[in-house]
Every structure is written in structure tokens, then in C-alpha cells.
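The lines below spell out each chain.
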Amino acid sequence: MNINEELVRRITEAVVKQIQSPKEGQSGRPAVTGGERINAEKTSYASYPRAKKGTDPKEVVIGVGPAFQKEITKTICGIRLEEVLDNLKAGIEEEGMVPRVVKVLKTSDVCFMALEAAKLSGSGIGIGIQSKGTTVIHQKDLYPLSNLELFPQAPLMTLEVYRKIGQNAAKYVKGEPVTPIASTNDPMVRAKYQVKAALLHIIETEQVDEQTGIIEWEGK
Amino acid sequence: MRLIAGVDIGNSTTEVCVGEAAGDGRIRFLSEASRRTTGTKGTEANVHGIKAALDDAMSRAGYPVSDLELIRINEAAPVIGDTAMETITQTVITESSMIGHNPSTPAGAGQAVGYLISLEHLMQGQQGTPYIVTASAKHGYEEVAGEINRLQGVLQIEGMILQADEAVLVENRLNKKIPILDEVREIGMVPEGKLAAIEVALPGQPVRMLSNPYGIATLLELTPEETQTVIPIAKSLIGKQSAVVIKTPHGNVQENKLPAGKLFIKSDRRHVIDIDEGADRIMELLKTAGAVTDIDGEPDTNVGNMLSGIKKGMAKVSHEPEKEIRITDILAVDTLAPVEVGGALAGETCMEKAVGIAAMVKTQKLPMQQIASRLSQELGVAVKVAGVEAVMASLGALTTPGTKLPLAILDMGGGSTDAALIDENGSIRMTHQAGAGELVTMLIGTELGLSERAVAEQIKRYPLAKVESLYHIRMENGLMRFFEEAVDPRYFGHVVLLAGDEMIRIDEGIPMEKIAAVRREAKRKVFMPNAMRALSKVAPGGELRRIPNVVLVGGCAEDFEIPEMLMESLADYQIVCGRGNIRKTQGPRNAVATGLVLSHLGGN
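Conventions we followed
- Residues numbered from 1 in each chain as written.
- Chains lettered and ligands numbered in written order.
- Predicted model: local features only at pLDDT ≥ 70, side-chain atom pairs only at ≥ 80, totals over all residues.
- Heavy atoms only, no water.
- Salt bridge = Lys/Arg side-chain N within 4 Å of Asp/Glu carboxyl O.
- Buried < 20%, exposed > 50% of the residue type's maximum accessible area, 1.4 Å probe, protein only.
- Axes fitted to C-alpha atoms, helices over the stretch in contact; angles between N-to-C directions.
- Helix = DSSP H or I, 4+ residues; strand = E, 2+ residues; numbered from the N terminus.
- Left-handed = near helix turned anticlockwise from the far one by under 90°.
- Contact = heavy atoms within 4.5 Å.
- Nonpolar A, V, L, I, M, F, W, Y, C, P; charged D, E, K, R; others polar.
- Pairing = 2+ DSSP bridges.
- Buried area = accessible area lost by both parts, 1.4 Å probe.
- Phe/Tyr/Trp six-rings, centres within 6.5 Å; stacked < 30°, edge-to-face > 60°.
- Lys NZ or Arg CZ within 6 Å of the ring centre and 35° of its normal.

A. View of the pattern of salt bridges. This model, assessed by the stated rule, comprises 47 salt bridges over all chains. With a shortest N-O distance of 3.3 Å, Lys 140 of chain A and Asp 141 of chain A are connected by a salt bridge. We classify Asp 141 of chain A as partly exposed; its relative accessible area is 37%. With a shortest N-O distance of 2.8 Å, Arg 505 of chain B and Asp 507 of chain B are connected by a salt bridge. Under the relative-accessibility criterion, Asp 507 of chain B is labelled partly exposed at 43%.

B. Region of the structure containing the packing of helix H2 (residues 81-94) of chain A against helix H4 (residues 159-174) of chain A. Residue and element names in this part refer to chain A. Running from N to C, H2 and H4 point in directions that differ by 40°, and their axes come no closer than 7 Å. Seen along the crossing, H2 lies across H4 with a hand that is right-handed. In contact with Glu 83, Val 84, Asn 87, Leu 88, Ala 90, Gly 91, Ile 92 and Glu 94 of H2, H4 contributes Leu 159, Tyr 162, Arg 163, Ile 165, Gly 166, Gln 167 and Ala 170. Looking at the contact of H2 with H4, its residues break down into eight nonpolar, four polar and three charged.

C. Representation of the side chain of Arg 583 of chain B within the structure. Secondary-structure assignment places Arg 583 of chain B in the loop between strand E30 (576-579) and helix H15 (591-603). When sequence neighbours within four positions are dropped, the list of residues in contact with Arg 583 of chain B reads Cys 17, Phe 29, Glu 32, Thr 399, Asn 590 and Thr 594 of chain B.

D. Quick look at unusual backbone geometry. For Gln 69 of chain A, which is not a glycine, the phi torsion comes out positive at approximately 60°. Residue Gln 69 of chain A is classed as buried on the basis of its relative accessible area of 12%. Positive phi outside glycine occurs at Gln 574 of chain B, with the angle close to 60°. Examined against the element boundaries, Gln 574 of chain B turns out to sit in the loop between helix H14 (562-571) and E30. By relative accessible area, which is 64% here, Gln 574 of chain B ends up exposed.

E. Spatial organisation of the pairing of strand E1 (residues 2-9) of chain B. Residues and elements named next belong to chain B. Extensive coverage of E1 is indicated by the burial of seven of its eight residues. Here E1 folds back onto strand E2 (residues 13-21), and the loop between the two strands holds three residues. The pairing of E1 with strand E4 (residues 68-75) spans five bridges and is parallel. Residue pairing across strands places Ala 5 opposite Ile 71, the latter belonging to E4.

F. Structural view of the sheet that holds strand E23 (residues 428-434) of chain B. Residue and element names in this part refer to chain B. Judged by pairing direction, the sheet is mixed, and its five strands sit side by side in the order E23-E22-E21-E29-E30 without closing on themselves. Each having just a single partner strand, E23 and E30 make up the two edges of the open sheet. The mean angle between the axes of side-by-side strands here comes to 15°, regardless of whether they run parallel or antiparallel. Strand direction decides the pairing type here: strand E22 (residues 416-422) and E23, joined by seven bridges, are antiparallel. Residue pairing in the sheet places Ile 422 in a bridge with Ile 428 of E23. Each of strand E21 (407-412), E22, E23 and strand E29 (549-553) is contacted by helix H10 (residues 389-397), which is oriented at about 115° to E21, the strand it contacts most. Where H14 meets the sheet, it contacts E21, E29 and E30, and its direction lies at approximately 180° from that of E30.

G. Broad picture of the interface of chain B and chain A. With 21 residues of chain B in contact, the opposing surface of chain A contributes 20 residues. Summed over both sides, the interface of chain B with chain A buries roughly 1600 Å², with 50% coming from carbon and sulfur. Three residues, Leu 169, Pro 489 and Phe 492 of chain B, lead the burial of chain B against chain A; their summed loss comes to 28% of the area buried on that side. Taking the shortest distance from any N to any O, the salt bridge between Arg 163 of chain A and Glu 166 of chain B comes out at 2.7 Å. With four residues, helix H3 (residues 167-172) of chain B is the largest single contributor of residues to the side of chain B that touches chain A. Residue composition of the side of chain B that touches chain A, grouped by class: nine nonpolar, five polar and seven charged.

H. Spatial organisation of the sheet that holds strand E2 (residues 98-104) of chain A. Residues and elements named next belong to chain A. The strand order across the open sheet built from six strands is E5-E4-E3-E1-E2-E6, with neighbouring strands paired in mixed fashion. The open sheet terminates on both sides in strands that have one partner only, identified here as strand E5 (149-151) and strand E6 (214-216). If you compare each strand with its neighbour and ignore which way they point, the axes differ by 25° on average. In this sheet, E2 lies alongside strand E1 (residues 59-64) in parallel orientation, the contact comprising six bridges. Each residue of the ladder has a partner; that of Val 60, found in E2, is Pro 99. In the packing of H2 onto the sheet, contacts are made with E1, E2 and strand E3 (125-129), and the angle to E1 comes to roughly 165°. The strands that helix H3 (residues 110-120) touches are E1, E2, E3, strand E4 (135-139) and E6; relative to E3, the one it contacts most, it runs at about 145°.

I. Looking closely at the pairing of E3 of chain A. Residue and element names in this part refer to chain A. Counted residue by residue, E3 has five buried out of five residues, so it is predominantly covered. Along E3, one buried face is formed by Ile 125, Ile 127 and Ile 129 and the opposite face, lined by Gly 126 and Gly 128, is buried too. For E1 and E3, the ladder comprises four bridges, and the chain directions are parallel. Across the sheet, the residue bridging to Ile 62 is Ile 127, located in E3. As defined by bridge partners, E3 adjoins E4 across five bridges and the pair is classed as antiparallel. Residue pairing for E4: Ile 127 is matched across the bridge by Ile 137. Counted along the chain from E3 to the antiparallel partner E4, the turn is five residues long, and its residue Gly 133 has a positive phi close to 115°.

J. Structural detail: the packing of aromatic side chains. Counted according to the given criterion, the structure contains four aromatic pairs over all chains. With 5.2 Å between their ring centres and 75° between their planes, Tyr 45 of chain A and Tyr 48 of chain A make a pair best called edge-to-face. With a relative accessible area of 1%, Tyr 45 of chain A lands in the buried category. Taking relative accessible area as the criterion, Tyr 48 of chain A reaches 21% and is therefore assigned partly exposed. The interplanar angle of 75° and the centroid separation of 5.8 Å between the aromatic rings of Tyr 45 of chain A and Trp 217 of chain A together place this pair among those described as edge-to-face. Within this pair, whereas Tyr 45 of chain A is found in the loop between helix H1 (5-20) and E1, its partner Trp 217 of chain A is found in the segment after E6, the two being separated by 172 residues in sequence. Look at Trp 217 of chain A and you get buried, because its relative accessible area is 2%. Connected via pairs of aromatic rings, a cluster forms that spans Tyr 45, Tyr 48 and Trp 217 of chain A. Between Arg 490 of chain B and the ring centre of Tyr 491 of chain B, over which it is positioned, the NZ or CZ distance is 5.4 Å.

This is the structure:
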């Protein structure tokens, strides 16, 4: 197959157009061509309460990405982020632990997001979730790029998997053995979703606001 | 300078010892090596393993293999062991009358009694009737809790049974707290309109009412006759976290006794014993039976199939016709196996009675001469079949500091437990008993319900620990151990085996204490009776007290707890018993190979 730069550029443009189309729920801003940003405006969270370190030993903190439920409302495979969050929280609750949601504006990297959440968590266990759906379970004492569990293939995630991620995170708090979550693997996923993933990541990164840091996100 | 190698071919490992015969009639030991035995012990396939081990040992000594003057191999004991296990009871639920399992998170401790009704039919419920509501997984927790809250004022809802793992989620949203059981896979099979009792135990405790026949009778108002019939139900609910008992007119849980069959022991006459009588009675009969010539099982019964399976396997290995194979010793052990209950609604298991048997077959003389000539051909070194295994092991064991004649060795291997007694005059008595390490592995695997034998084997070998945080573990003796660096998160929360510096994760969610208890019990059940049996056979006049020294050798003597168990019980007979330390350096290994090199002196 003859792939040249021109073709890649055209595909990118087509995907951007689709993502930006009004029926996807976003306001019809001009396409990326020529512009520096996908979303011209940056949402300011300066007035939001800053997230504090929790003291409840049963707490599991979920750290969501900067664009979560705002610029991005669905994961890369189209699951509504409200439902994702509800299932993560339900999983934690079913195991008898207490969920808390914060928005990490410092970074758009899922591992750092999870680590920040873990550091704020009363139990030291946190979940990081990017707006496109990639999820990591982290522990406050680990190195940023190591983790307890990583779910890298966001396009294959389902609500059941998010529920189980919540349950597993809670089990780490309780020191119970965690059964690895059976997940599907599709070698074609990378190829199929690469452009979309990259764009979603750009949208997320645009909203990074190191000044504001981390804010409480429960109830928005 | 003359180099001599001793080669010991065992059931699982081939060991080599290299020594130098100096001019003054002394032997200087140079090196040793150990390799996995290739093929079945006593067959030509062993040659590969022998060569590899020789290469290893000679390169350590710093000489080529061709420098060897003589290789001495052992006359391997002509016994092969095998093991088998069969359950002899079986629990079947003939009608859905019971659910008892351990969901990880039930909710709302307590008991409740009511008539079963599904969430869909709850609207048609009658006022004043107590209900237990069942809900399938298609109803979310919000919906279930909303529905119950809405109707709780009108109807009397006492408890719930859920298919999904959502008991805590539902309970957290209820205005009135009730016991809730979840993760019941076959919720559709729960009959509506029947009276049921439900119990959720307090955290860390098993159910108390429903595992007690009178408790069931109290909750379901049973007559004395009916109470009689719920005994198997109560029995199979012992130790569960949560349970449901449903009162159905014919509903029943049966404990079937499988046709386990009879065991025939042939000596001077034929002894018959029913397997149901248990392992102790079988072993007692075996003791009184005298010299056993063959052991057989009743055809087409569990034990019959078990023994004929063993014989078939042995016939294949030893290339002898099946009719010629004679089982001359068995070790029977009572055990329990978790078996899934027939007709269960939530994947319940029940501990069924089982018997594990290790059998030992005496074959004709093993073709050691063939191995010797093939080895001699391939290496160009003289090879001699020298000495009986037990004698060589005794000679090797004598190199342990602190030993004197008369000396007994207890060789605990994989397939058999052997004992030999050598006295001041050099005369030797020996015996081979069925049952050793392999049987322990099988018992561990069975009682813990492990699907892989390799896991059971590892559990047998290594001590346990639980990874409580990323920076510390708790060992099975209760001590904590801390780490500077985080342990791999894959181990977090899991029970692990400490294999040297490495950890092996146990994936089955079995508590550490249970694994440790089962492991110790399995070792005790096999090695205690076998050590006593073997030693009293070689003891002068059958009296254990007349043996002053017992040296433990063989693979199982390296175990981290078996030698201590034996030491403790043999101390009662005033016997000095301990793990061998061959040549002051080798521990319990290499006894036979060392004995073979030593015997070169005496032999010439």
C-alpha cells in the first residue's frame, strides 16, 4: 500500500472533521487546519476547590483527566464518561470501600494522573483515567511509570471491565488477592484507533493547567 | 592417580560423585553433580542424564570425562511407585433446595425467613406475608434498591438473593437493612412461592443457624421427621459465609455412597476389606497380613479401576505383561476432596471423602547391565554395576559426622520410602515401602482442589508468605519481613511461596493458614506411618528402640519440615535421628553415589 504524508494528512483532517462535527455534541468550532488548538478556549478551573489529601483509610481516589466530562464526554469507543465513573465507583462501593473523584489538571499522562490520585487517597490506592478511557491503578509509593494494574487498550474496554477495575482497586486497599481482569486483546486496535487516540490526547493535553493542579470533581 | 565416579540413578534425579583413589588406599572426593533422571529409572534412556551429570562433575573437578578409570553405577532397587485417588462419597441436590457459598461481599448480617418471589412479581405480593426477593442480573442496583424501598412500607420484605455481585451496593441504598446474598449464578432455578430461610454470617464467621439441623428446623418450623432429612443440607453448609435453605416438599440433598469396592490382599491367604472402612483399617490389615504377594481391587469399582490403572501404567514402563505385575505394598490415606455439588445453584462445592493410594510394584531385576554396557560404549570408560542401592546409601550415610554402627538409613524419595539397617558385622536388612513425596503432592493437590500438579509440588517444597503491602510480607510463622524496594505489584495481596530469593504466586484464593495446614497434614499422613513401618521392619526383632541412629537421606530429607516431624516422633524411642550430612558437605544428597565410590576400596 502506498502511504505518503499527503494521505496521512488527509485522513487526519477527515477524522478531525468528524470529531468536531456538531452532532457529536461539541460546538461547531473551526477545524484544526491552520489553528494551533483544537479547542480554541481553555476551561478555567481556578474557582474550583483544590483537592485535599484524604484521611479515610477506606478511600480510593479516582483521578480523571483534564478534559474529562467537559471537552470530552465519551471514551474512545463511545461509552459515556458518566457511566464509566458510575461503574468505577460502584465497584469500589461493592467491596466496602469509599470512592472520591478528583480532576488532575497537572498532567495528561495516565500514569502520573493515577499516581497523583493515589497520593491524595487516604488508603494510598488511586485510579487514573484518561478521558479516552485508558485506566491505571496506582499506589502512592510506586515509581510513576510502574503501577499495580494498567489497562492500555481503551477501545476494548466495557462497563463491566470498569466495574471490575473499581473492585480490584478496592481489593488492593483491603490487601486481598486480586484476580487479573480478563481482557480482550486485538492487535488491530492500534492501527484502527491511532489517529483518534492522538487527537483525544491533544484535546486532553490542551486543558492541562499546572497552576490549578488538582480539584475536587465529585458532582462537578 | 585414579579417578572413580559413582553414579546413582534415582526416580527423579541422577547423582554423580567423583573421587580420587590415592596410593595409600584413601579416597579423596573431588566433585559432585546432580541432574534430572532421563526416562524411567532403570531403562537405557537414563544414559543421557548420566552423561550430562558426569560431564558436569568432571568439568568441576577439572578433568575430561575420558580421564575416568572406572564408573560404578548402583543396582537400582527394582521397585516403581505410583499413586491414585478416588472419591468415595458424592453429594447431589435432587431439587433446588439449598444454596450455600462464599460470595466475597454479601451484605447485612443476620437471618430472615420468607416466601421466595422474583422482583418482577413483587407487585403482586400480598400484604402481611414475609418475602425473600430474588433479582436477576438484568436489574441494576439502583433499580433494585429503588423498587424495594418503594414497596418496603407496603410489603414485608425480609431478605434478598441477587444474581449480580451487587449486595453491598443494594444494601447501601436501602432504607431498611436486610440480609442480602449475591453471586448466585443460576438464579432462574430458585423456585418462587416456596418458603426459604436465608442467612448471612458476620464478617469472619461462618453461618450458624443454617449449618445446624435444629437451626433450620427453628427457622422453617420443621417436624422431627423433616429435621432428619435436612442433616445433609446442614452438613454441606458448614463453613459457608452465606446460605439459603428452601423448603420444598421433595427437595433433598443426598449424600450418595459410591460403590468404592473391596480390596483383596493376597498373602498366604486372601484378605478382603471394604475401602469404606477407611485407610487406618486397611493399613492395620496390611500389617497383620504378613508377606504380601499381590493386592487387587474388586473389578468395576473405584478401587478396582484405580489399582488396575496403576498396574497398566507399570506394565507399560517395565515392559512386562500386565498379568506379571504384582502390587506388593500400598499406603492408603484418608483425604477430602472439594467436589462441585451436582445440581448446585451457585457453584457450591462439598468436601467429599476420598482415599489416596500409593502402590509399589516389584519388577524383575532392572536392566542395569544394559545401561552399563551402553554407557561404557559411548564413553570408552569401564563401567561396573556395583552394589545394592540400600547398602551403598548406608555406606554413604556413614560419612555423616557423629554416626556409628549399627546405623539405619531412611531414604525418602519420590516413589518409595526405603529403610536399611547395617550392623557391626556388616550384615544388612532392608525394606521398600510404597508412598513418599509423590503421594504428598497428590494429597495437597486434591485437598486444595488445585488443577495443576506443578502448583501442588511447589507448595510441598517451599514455605508460604502473604504479601501484605508492597513493602512487607508476613511469613507463615507470623513474622514480618520488610523490603527496601517495592515487590512486584503482581504479588500484592497474594499468598506466595518463598523459593529462595524468588516468589511464586498462588492464584487460587485459598488462605495461607489453610494451605500450610493441608501441606503439613499431607506430609504427616504419608511420612509418619511410612517411617514407622519401614524402620520397624528393619529393626532387630521389630523393635524400634534397638536402632540407635537413623540418618535421613533422599530428596524428601531436604524438605524444610519433614525431618523435624520425624525427629520429634522418633525422639520418643530414644533414637538419634537427623538429616544426613554426607561427607560433611552434601547434606542428605549424594549418599548412594558417595557409597559407590567408597565401596571401590572395599570391593578391591
